[in-house]
Amino acid sequence: MACVTGASSGLGRASASFLVRAGARVVGVARDEDRLKDWRREAGHGRTAAVVADLAELVRVASKDSDADDDIDIDALTTDVRDRVSAPFGPPEILVNAAGINPRRPADSVSRSDWHRTLDLNLSVPFFLTRALVPAMRQAGWGRVVNFASLQSRRAFPNGIAYGASKGGVEQLTRAMAEAWSRDGVLVNALAPGFFPTPLTAPLFAEPTAVGRLAAATCLGRNGEPADLEGPLIFFCSDACRYVTGQLLFVDGGFMVQ
């Protein structure tokens, strides 16, 4: 059984559908109930379920409302999500942390709200949600966690200071998770997609000149298509990666080597 956050759109939705096609039962988690319903219609109701939740808001509320020990509040909130995710098919053996946002603000214009919401969803949620789901994986002696990193885990792009900080954190979080849980059979890796057409990259793909320039900056001479992510994702979610953990894989057509 697999759980995919951000399953209502973009690469999260594609990832959820890839896993269904590979034979997994998948619970998609996202804020938008209508889009989750649309994904289920597309992927097939028999092997899918949906949980509507604003994961960033859960972390924010826990941090804001706790006077003494915020771990108690965060654990309670993520345990509730864990229980809802586990209800349809049982505890997840695979977790894909794909939910994310990019406010795209110049550094001088990033508000406190922009900063915290980006860090909450892109960095804090993957840790706290994974921590809530690891005990069942540990008990089973098998688990796979795939985090979504970014080119901005290592490169700085204009108007991406909050997003870049969060994704740089995801790369190190992946290594730290692998150190913490791999001996229990829970392997943790990360995918760093290049330029794919998604809602997050819509402003870039709306400019033909920019799209062409990005494609030319890759070794393959083209930008990504959702299907390009399927093989790497399934690898990280399977027994094929049984001796691979703590790794970041760029799925970018060779953008980072140019």
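Note that this is a predicted model, so its numbers are computed, not measured.

Attention now goes to the packing of helix H1 (residues 10-21) against helix H2 (residues 33-43). It is at 10 Å that the axes of H1 and H2 come closest, and there the two elements cross at 30°. Looking at the two axes, H1 sits roughly parallel to H2. Between H1 and H2 the crossing geometry is right-handed. Here Arg 13, Ala 16, Ser 17 and Val 20 of H1 come into contact with H2, specifically with Arg 35, Asp 38, Trp 39, Glu 42 and Ala 43.

The next point concerns the pattern of salt bridges. Tallied over the entire structure, the rule returns 16 salt bridges. We note a salt bridge from Asp 75 to Arg 131, for which the minimum N-O separation is 2.7 Å. Remark: Arg 131 occurs in helix H5 (residues 112-140) and Asp 75 occurs in helix H4 (residues 70-86); sequence separation between them is 56 residues. Judged by its relative accessible area of 28%, Arg 131 is partly exposed. Linked through salt bridges whose partners overlap, the residues forming this network are Arg 13, Asp 38, Arg 41 and Glu 42.

The next point concerns the packing of aromatic side chains. Under the defined criterion, the tally for this structure stands at five aromatic pairs. Judged by centre distance (6.0 Å) and plane angle (25°), the ring pair of Phe 157 and Phe 195 falls under stacked. With Phe 157 in the loop between strand E5 (143-148) and helix H6 (161-181) and Phe 195 in the loop between strand E6 (186-193) and helix H7 (202-205), this pair connects stretches of sequence that are 38 residues apart. On the accessibility criterion, Phe 157 (23% relative accessible area) is partly exposed. Geometrically, the ring pair formed by Phe 195 and Phe 255 is edge-to-face, given 5.4 Å between the ring centres and 75° between the ring planes.

The next thing to look at is the pairing of strand E2 (residues 26-30). Burial analysis of E2 places five of its five residues in the buried class, which makes it a mostly covered element. The alternating pattern of E2 places Val 26, Gly 28 and Ala 30 and Val 27 and Val 29 on opposite faces, both of which are buried. Direction of pairing for strand E1 (residues 2-5) relative to E2: parallel, over a ladder of four bridges. What sits directly across from Thr 5, in E2, is Val 29. In this fold, E1 hands off to H1, which returns the chain to E2; that crossover is right-handed. Note that E2 and strand E3 (residues 48-52) share five bridges and pair parallel.

Bringing the environment of Glu 230 into the picture now. Locating Glu 230 in the fold gives a position in helix H9 (residues 230-236). When the C-alpha atoms of Glu 230 and Arg 21 are compared, they prove to be 10.0 Å apart, with 209 residues separating the residues in sequence. Within polar-contact distance, the side chain of Glu 230 engages the side chain of Arg 21 at 2.7 Å.

Counted by the stated rule, this structure contains zero disulfides. Just so you know, Cys 3 is unpaired, no disulfide at all, and the nearest cysteine sulfur is the one on Cys 237, 11 Å from it. By relative accessible area, Cys 3 is classed as buried at 0%. In this structure Cys 237 is not part of a disulfide, and its nearest cysteine sulfur, from Cys 241, lies 7.8 Å away. For Cys 237, a relative accessible area of 6% gives the class buried.

Our next topic: the side chain of Ser 15. Of note, Ser 15 is situated in helix H1. Among the residues examined, Ser 15 registers a relative accessible area of 0% and is labelled buried. A polar side-chain atom of Ser 15 sits 2.7 Å from the main-chain carbonyl oxygen of Leu 11. Apart from the residues within four sequence positions on either side, Ser 15 is in contact with Val 4, Val 96, Phe 148, Leu 229 and Leu 233.

Within the open sheet, the seven strands sit side by side as E3-E2-E1-E4-E5-E6-E7. Their pairing is parallel. Since the sheet does not close on itself, it has two edges, and those belong to E3 and strand E7 (248-251), each with one partner. Each adjacent strand pair in this sheet contributes to an overall mean axis angle of 20°, direction not counted. Here H1 sits on the sheet in contact with E1, E2, E3, strand E4 (94-97), E5 and E6, set at roughly 165° to E1. Along the sheet, H2 contacts E2 and E3; its crossing angle with E3, the most-contacted strand, is approximately 175°.

Cut-offs applied
Residues numbered from 1 in each chain as written. Predicted model: local features only at pLDDT ≥ 70, side-chain atom pairs only at ≥ 80, totals over all residues. Heavy atoms only, no water. Axes fitted to C-alpha atoms, helices over the stretch in contact; angles between N-to-C directions. Helix = DSSP H or I, 4+ residues; strand = E, 2+ residues; numbered from the N terminus. Parallel < 35°, antiparallel > 145°, perpendicular 65-115°, else oblique. Left-handed = near helix turned anticlockwise from the far one by under 90°. Contact = heavy atoms within 4.5 Å. Salt bridge = Lys/Arg side-chain N within 4 Å of Asp/Glu carboxyl O. Buried < 20%, exposed > 50% of the residue type's maximum accessible area, 1.4 Å probe, protein only. Phe/Tyr/Trp six-rings, centres within 6.5 Å; stacked < 30°, edge-to-face > 60°. Pairing = 2+ DSSP bridges. Right-handed = clockwise from strand over helix to strand, strands pointing away. Polar contact = N/O pair within 3.5 Å; in protein donor to acceptor, adjacent residues only side chain to side chain. Disulfide = S-S within 2.5 Å.

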